[in-house]
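Spelled out from the first residue to the last, the chains are:
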Amino acid sequence: MKKDCEQHFQATIDRDSNGRYIAQYLKKTGFHENIGDSGNTALGRFDQLERRPVIQDDLLDLMIRFRKHTVALVADVAKMYRQVCIHPLQFFATRLLKQLASDVGSKYEYAGTVVPNDFYMDDFLSGADTVETKKLRKDVQSLMAEEEFELRKWSSNSSDVLSGLPPDALEDQSTLYLDAEQKVKTLGVAWETGTDCLRVDIPTLREEEHWTKRLIFSTIAQLYDPLGLVSPVVAWAKIQMQHLWLVSVGWDDKIPYEICGNWKDFYEQLPLLQSFKVPRCVFVPQSTNSHFHVFCDASEAGYGACIYARSTNGEGEHILQLIASKSRVAPIKRLSLPRLEL
């Protein structure tokens, strides 16, 4: 499927007189002859059901790369899917970013490499190890402008990188001052640009007299932590999900007293996570040496793994930071600990 889409894209891609790309639907030979008078209805249903291949890096990869830069840079593309001359399909818009970099990226020192790799949908997350990030920003802006892609909502932990941008191009007008309390949502992760720290957003607590399986599952789904910064907390919550499945209660029935008590204790302590923060950048500035340390373990309830980076600079300073972690609930069908550890 991915190979067919790529071959079709390369064979049919074109640009109009203004330089904007024109992409075509992927269709089999004889499509119009075979579809008959039901074409419009079929295309409408096709739009609802189709799943194009994913060509961008996954979210975890992008977030980990975002954490390696000393100076970080974030923006998004204004009305990205409206800039492509076709029905605004995700595959074409994201594929055109790679095509744009291939066509004109050689004209720019940084953007030709950054644009194909540092976008997730229409969100741009990148950076560099020095204040040369400002040159990167200008390069990316210029390259994207060739397809009339306007980048906006710029944010950075360096005010110098953002200097020269008009106020309406910033995340908000105080971004230049990097207020220590300012928080920017980075793909669901709160990034405090003033302190350059990441934290996990916690849902607002609600008063519930009768907790049900539906309410508990809904709350757990809101614990969005793609980097696994609070994996032990999320893992405990998911273990409770498994317990609820095992007792076979209905979606809107009262849950057993013991599980309900444990859940209430857990839920009331969730706000404590708001004060838990980790540095966004995992490396010491001007790092000259780095090592990666991976740990994994398992219990009868679950198993997990984590990876740390230890970096050193020329002055002998050391930093040890968690990069990411993953956890899973052990299967209901019991497995031995050695097998879970594998």
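Residues numbered from 1 in each chain as written. Predicted model: local features only at pLDDT ≥ 70, side-chain atom pairs only at ≥ 80, totals over all residues. Heavy atoms only, no water.

Novice: Is there a simple way to think about the packing of helix 9 (residues 213–221) against helix 10 (residues 231–247) in this case?
Specialist: The relative placement of two packed helices is expressed as an angle between their axes plus a distance between the axes. Look at helix 9 against helix 10: their axes get within 10 Å of each other, and the N-to-C directions meet at 155°. In this view, helix 9 runs roughly antiparallel relative to helix 10, as classed from their interaxial angle. With respect to the hand of their crossing, helix 9 and helix 10 are arranged in left-handed fashion. Contacts from Lys 213, Ile 216, Phe 217 and Ile 220 of helix 9 reach helix 10 at Ala 237, Lys 238, Met 241, Leu 244 and Trp 245. (Axes fitted to C-alpha atoms, helices over the stretch in contact; angles between N-to-C directions. Helix = DSSP H or I, 4+ residues; strand = E, 2+ residues; numbered from the N terminus. Parallel < 35°, antiparallel > 145°, perpendicular 65-115°, else oblique. Left-handed = near helix turned anticlockwise from the far one by under 90°. Contact = heavy atoms within 4.5 Å.)

Novice: Just to check I follow, could you spell out helix 9 for this structure?
Specialist: For helix 9, the complete set of buried residues consists of Lys 213, Ile 216, Phe 217, Thr 219 and Ile 220. Here the buried residues of helix 9 occupy an arc of 160° about the axis, which is enough to place them on one side. Residues of helix 9 that are buried in the fold lie against helix 10 and helix 11 (257–269). (Buried < 20%, exposed > 50% of the residue type's maximum accessible area, 1.4 Å probe, protein only. Arc of directions from axis to C-beta.)

Novice: Can you walk me through the sheet that holds strand 13 (residues 318–329) in this structure?
Specialist: Strand-to-strand pairing in sheets goes through backbone hydrogen bonds, with the strands running parallel or antiparallel. Pairing is antiparallel across the open sheet formed by three strands, whose spatial order is 11-12-13. Of all strands in the sheet, those with a lone pairing partner are strand 11 (287–298) and strand 13, marking the two edges. Mean inter-strand twist for the sheet, computed between neighbouring axes without regard to direction, equals 15°. Of the pairings in the sheet, the one linking strand 11 to strand 12 (residues 302–313) comprises eleven bridges and is antiparallel in character. Counterpart to Ser 287 in the pairing with strand 12 is Asn 313. (Pairing = 2+ DSSP bridges.)

That is the geometry; function is a separate question.
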